[in-house]
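Spelled out, the chains give:
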Amino acid sequence: MKDILTTASAAEILGVSVRTAQLWVESGQLPSWKTPGGHRRIPRQAVLDLVEESNTEQVSMAARAVVVAAKGRAEDWRLVGLPGSGLLLDVVEDVDAALRLVEVTPPMLIIVENADNDDRRKFIASVGSNFRFRQTGLFSLVDKGPERPVARAHHRVQLRMSGNVAELSSAIMDYLRSTIPATPRSAGFLPPWNESARLEAVQQSDLLGSAPDPSFDRLVRLAAHAARTPVAMFTLITRDTQWFKSRIGFDGETTPRDWSFCNQTLLANQFTVIEDLSKVENFVQNPALAEPFGFRFYAGAPVRDPQDFALGSICVIDVVPRKLDSSELEALSTIAEATSNLIRVRMQQREERNKLTSGI
């Protein structure tokens, strides 16, 4: 029956793995029914409708990069990373492992070394033809490619392999930055490459301007106690503003974004410690270092949404230069993770309420 498909046939049309198609069936994204023999069947039109819908709607992506490293180079990529991308990095050397990483939610970036090898070429062809990855940047690193990244198609870029992972990472980041509008010199900060998507995630979090929340307040107080600092905050960073969802030891709900030390945390996309702010050139003219604030120490850990976008940070500030010991670092990391988990739970609950309200 041409109008009825098996899960495998539906997966082939959709350009996804059979397992992914099964996940979509189980979630209700693909309507289906079971035959008396227990086999799953899917209407062809439902598959075609999903293809058409997905070609017109924005695909949800994760703030992650997947690197399919050449054999023996995974650790090099983990050490070097993609500084300034705003993405968390998943590094594998096996194509099947890469497929498992990308099958549910597309990452914003995929980098494939030795892309002219058969199995990796097939992986690139599979991803490149799949509508779900049309907004994903796909870098193919080949032995005889161009010395600098060259766009071969929409979001598809080719680059020559190099023995130096740091050089490759730098070349990729230079290319990515060339594709976004330049930051005004007056801004006083450098945003991460994924800033546009990150700002959208901040809006979607529904936290901006929200009422005080005892759950977040407790976590911020715990951060101040754990680090023994007079100031602690849960910040949300918008295009121009740093807004405090919760704070202790600081008056006022906002500051201009170019005052924010959390810009460094967003750019590094990891726990960031600045032991003496007065010795960092970027902060010499920052008003927060002058009276009446006199800030000298900052430590911040990213707070993330369900797709791993950094919305802001859990940060602590002191008026004297200092260090954090290992227990303080671990405590603040745990508090930031707890804050992220609380946000994920709240967003999931809101989504479930919306589904109930809409009758889905």
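To start, this report covers the structure provided alongside it. Note on numbering: residues in each chain are counted from 1, in written sequence order. Thresholds applied to this predicted model are a pLDDT of at least 70 for local features of residues and 80 or more for the giving and counting of side-chain atom pairs; totals over whole chains, interfaces and linings are not thresholded and use all residues. Side-chain descriptors were evaluated using all non-hydrogen atoms of the structure, hydrogens and water having been removed beforehand.

**Notes on the sheet that holds strand β6 (residues 107-112)**
- The pairing criterion is simple: DSSP has to find at least two bridges between the two strands. In this text, helices come from DSSP runs of H or I with a minimum length of four residues, and strands from runs of E with a minimum of two, each type numbered from the N-terminal end. Ordered in space as β5-β4-β6-β7-β9-β8, the 6 strands form an open sheet in which the pairing is mixed. Bordering the open sheet on either side are β5 (88-92) and β8 (150-153), each of which pairs with just one other strand. Between one strand and the next, the sheet's axes are offset by a mean angle of 20 degrees, whatever the strand orientation.
- Here strand β7 (residues 137-142) runs beside strand β9 (residues 156-160); their pairing, made up of 5 bridges, is parallel. If you follow L138 over to β9, its bridge partner there is R156.
- Strands in contact with helix α6 (residues 118-128) are β4 (62-68), β6, β7 and β9; relative to β6, the strand with the most contacts, it is inclined by about 155 degrees. Angular values range over 0 to 180 degrees, each being the angle between N-to-C directions of two axes fitted as lines to C-alpha atoms, with helices fitted over their stretch in contact. For this analysis, residues touch if any pair of their heavy atoms sits within 4.5 Å.

**Overview of the pattern of salt bridges**
- We define a salt bridge as a side-chain nitrogen of Lys or Arg found within 4 Å of a carboxyl oxygen belonging to Asp or Glu. All told, the structure shown has 16 salt bridges when counted by the stated rule.
- In this structure, D118 engages R121 in a salt bridge whose closest nitrogen and oxygen atoms are separated by 2.5 Å. Highlighted residues: D118 and R121, both in helix α6, separated by 3 residues, approximately one helical turn.
- Relative accessible area serves as the criterion here: at 43%, R121 is assigned to the partly exposed category.
- Between D206 and R350 there is a salt bridge, and its shortest N-O distance comes to 3.4 Å. Here D206, found in the loop between α8 (195-204) and α9 (214-227), pairs with R350, found in helix α11 (residues 326-358); they are 144 residues apart in sequence, far enough to count as distant.
- Its relative accessible area of 22% is what places R350 among the partly exposed residues. Under the scheme applied here, a residue whose accessible area is under 20% of the maximum for its type counts as buried, over 50% as exposed, and between as partly exposed, the area being computed with a 1.4 Å probe on protein chains only.

**Focus: the pairing of β6**
- In terms of residue burial, β6 counts as a mostly covered element, since 6 of its 6 residues are buried.
- Where β4 and β6 come together, 5 bridges link them in parallel fashion. Each bridged residue has a counterpart across the sheet, and for A62 the counterpart in β6 is P107.
- Across 4 bridges, β6 lies against β7 in parallel orientation. Bridge assignment links L109 to a residue of β7, and that residue is G137.
- A crossover counts as right-handed when, viewed with the strands pointing away from the observer, the path leading from the first strand over the helix to the second turns clockwise. A crossover links β6 with its parallel partner β7, the connecting element being α6, and its sense is right-handed.

**Quick look at helix α5 (residues 95-102)**
- All of the buried residues along α5 are V95, A97, A98 and V102. Across the axial projection of α5, the buried residues extend over an arc of 155 degrees, all falling on one side.
- Buried residues along α5 sit against β4, β5, β6 and α6. When we speak of the arc, we mean the arc of directions from the helix axis to the C-beta atoms.

**A short note on the nonpolar core**
- With 54 residues, the main nonpolar core has W77, I111 and F234 as its most contacted residues.
- When residues no more than four places from it in sequence are discounted, the contact partners of W77 are V67, A69, L82, L89, V91, I111, E113, L141, V165, L168, S169 and I172.
- For the purposes of this section, nonpolar cores are sets of buried Ala, Val, Leu, Ile, Met, Phe, Trp, Tyr and Cys residues that join through side-chain atoms within 4.5 Å. Counting residues in hydrophobic clusters, the runner-up holds 18 residues, among them M233, F250, F295 and Y298.

**A closer look at the packing of aromatic side chains**
- In this analysis, rings of Phe, Tyr and Trp, with Trp reduced to its six-membered ring, are considered paired at centre separations within 6.5 Å, and the interplanar angle assigns stacked below 30 degrees, edge-to-face beyond 60, and tilted for intermediate values. Counted by the stated rule, this structure contains 9 aromatic pairs.
- Measuring from ring centre to ring centre gives 5.8 Å for W259 and F293, while their planes differ by 70 degrees; the resulting arrangement is edge-to-face. Here F293 lies in the loop between β13 (272-274) and β14 (297-304) and W259 lies in the loop between β12 (254-256) and α10 (262-268), a separation of 34 residues in the sequence.
- A relative accessible area of 25% places F293 in the partly exposed class.

**Quick word on the sheet that holds strand β1 (residues 4-5)**
- If you trace the 3 strands from one edge of the open sheet to the other, you get β1-β3-β2, paired in antiparallel fashion. The sheet terminates laterally at β1 and β2 (33-34), the two strands that pair on one side only.
- Bridge count for β1 against strand β3 (residues 40-43) is 2 bridges, and the pairing is antiparallel. Across the sheet, L5 pairs through a bridge with I42, a residue of β3.

**Brief notes about unusual backbone geometry**
- Note the cis peptide between E291 and P292, where omega equals 10 degrees.
- Secondary-structure assignment places P292 in the loop between β13 and β14.
- Although it is not a glycine, D308 sits at a positive phi angle of roughly 75 degrees.
- Considering the arrangement of structural elements, one finds D308 in the loop between β14 and β15 (310-318).

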